[in-house]
Every structure is written in structure tokens, then in C-alpha cells.
Amino acid sequence: MHRLLLESHNETSVDGYQRDMNFDANMVIILAALLCALILALGLNSILRCAMRSSAAVAQRTGLKKRELRKFPVAAYGSSEVEITVTECAICLSEFADGERVRVLPPCNHSFHKTCVDTWLLSHSSCPNCRHSLIELHVVGSD
Ligand SMILES: [Zn+2]
Ligand SMILES: [Zn+2]
């Protein structure tokens, strides 16, 4: 009698072990599926990021390159290196102070703070005051 109890006890524990094994196998499948989903999501994410970066590059093509910006003269306001015909920056609407770095746009002689106009010209290719194109100047040449 005692022995029978022991056997039946052993059997249930074996059943339980097999159930654990099945459970483990299911878990492995679920984990593998989750891993696949994660890899897929990461892949999609990087594809999206790539697409966004290339569209941003297209948008930036309307502005000037830093290399092109350097062709426009920069002078300290108040010095006589370059003639500055205006007294205030049309972008931030504040008056130039002596010694401030001012960039002069050659086709129209409009002058702006260097930092103000540089930010503008990275996304636009014309004078912020009179809309004179600054790309023509370099491609065709000016008179
Ligand atoms: Zn300014
Ligand atoms: Zn201008």
C-alpha cells in the first residue's frame, strides 16, 4: 500500500515534469516570435529614420551652403572695411552696435547681423530684405 502511493506520487511528478517541458517549449516559441517582432520593429524604425533624413536633406537644398556663405563679406560695424548702408538688422530689427559682426549681401548691399543672416541663409537663398536671389550671383555672375 505504501509502495503504491509512492509510485502514484512518482507518476504525477513525471506528468508535472512533462507539462513543464511543454510550457518551456511554448515559452521559447513565444520569445522567438517576440524577438522577431522586435527585430522587425527596429528595422522599420531605421528605414523610417533614413527616409526622414533624406527628405530633410532635400528641404535644405533651398538654402545656401556654409561654403557659399563665406563668400559674402563680413565686417565689424563702425569700421570702414565695407560700406554698410543700413543702421539696423532687418531680421531681428535691432540697431547695429559698434564692432558687431555684420554680413553684407553684395547684390543689394543689404546688411544683417552675421548670426541672424547665416541662420536665414541656411534655409533660404535670397536676401531677407528685398528677396534678391543670392544663387544667381554665383551661378551667372554679377555686374
Ligand atoms: Zn540681427
Ligand atoms: Zn537685399
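Quick notes on the rules
- Residues numbered from 1 in each chain as written.
- Chains lettered and ligands numbered in written order.
- Predicted model: local features only at pLDDT ≥ 70, side-chain atom pairs only at ≥ 80, totals over all residues.
- Heavy atoms only, no water.
- Donors = N, O, S within 2.8 Å, 3.2 Å for Na, K, Ca; no water.
- Helix = DSSP H or I, 4+ residues; strand = E, 2+ residues; numbered from the N terminus.
- Buried < 20%, exposed > 50% of the residue type's maximum accessible area, 1.4 Å probe, protein only.
- Pairing = 2+ DSSP bridges.
- Core = buried A, V, L, I, M, F, W, Y, C linked by side-chain atoms within 4.5 Å.
- Contact = heavy atoms within 4.5 Å.
- pLDDT = per-residue confidence, 0-100.
- Salt bridge = Lys/Arg side-chain N within 4 Å of Asp/Glu carboxyl O.

1. Regarding the coordination of the zinc ion (ligand 1)
For the zinc ion (ligand 1), the full set of protein donor atoms is Cys89 (SG), Cys92 (SG), His113 (ND1) and Cys116 (SG), at a range of 2.0 to 2.4 Å. When the donors of the zinc ion (ligand 1) are listed by position in the chain, the intervening gaps give C-x2-C-x20-H-x2-C. Here Cys89 is found in the loop between β1 (74–76) and β2 (101–105), whereas its partner Cys116 is found in helix α3 (residues 114–121), with 27 residues between them in sequence. Cys89 gets classed as buried once you look at its relative accessible area, which sits at 0%.

2. Examining the pairing of β2
Taken across its 5 residues, β2 has 4 buried, putting it largely inside the fold. With 3 bridges connecting them, β1 and β2 associate as antiparallel partners. Among the inter-strand pairings, Ala76 is bridged to a residue of β2, identified as Arg101. Looking at chain direction, β2 and strand β3 (residues 110–113) are connected through 4 bridges and run antiparallel.

3. Some thoughts on the nonpolar core
By size, the foremost hydrophobic cluster in this structure holds 18 residues, and its most contacted members are Phe72, Ile84, Leu105 and Leu121. Elements with a minimum of two residues in this core: β2 and α3. Per-element accounting of this core gives the leading share, 4 residues, to α3. Every residue in contact with Leu105, bar those within four places of it in the chain, is listed here: Phe72, His110, Phe112, Val117, Leu121, Cys127, Pro128 and Leu134.

4. Considering the confidence of the model for the chain
Averaged over all residues, the pLDDT of the chain equals 80, while 74% of them reach at least 70. Contacts of residues 137–143 to residues separated by more than four positions or lying in other chains number 8 contacts, the stretch itself having pLDDT below 50.

5. Considerations on the pattern of salt bridges
Taken as a whole, this structure holds 2 salt bridges when the rule is applied. The shortest N-O distance in the salt bridge between Asp118 and Arg103 comes to 2.7 Å. Of this pair, Asp118 sits in helix α3 while Arg103 is found in strand β2, placing the two residues 15 residues apart along the sequence. Residues Asp118 and Arg103 agree in their burial class; the two are buried. The residue Asp118 makes a salt bridge to Lys114 at a minimum N-O spacing of 3.3 Å. On the criterion of helical spacing, the pair formed by Asp118 and Lys114 is a turn pair, its members being 4 residues apart in helix α3. With a relative accessible area of 13%, Asp118 lands in the buried category. Residue Lys114 is classed as partly exposed on the basis of its relative accessible area, which comes to 27%.

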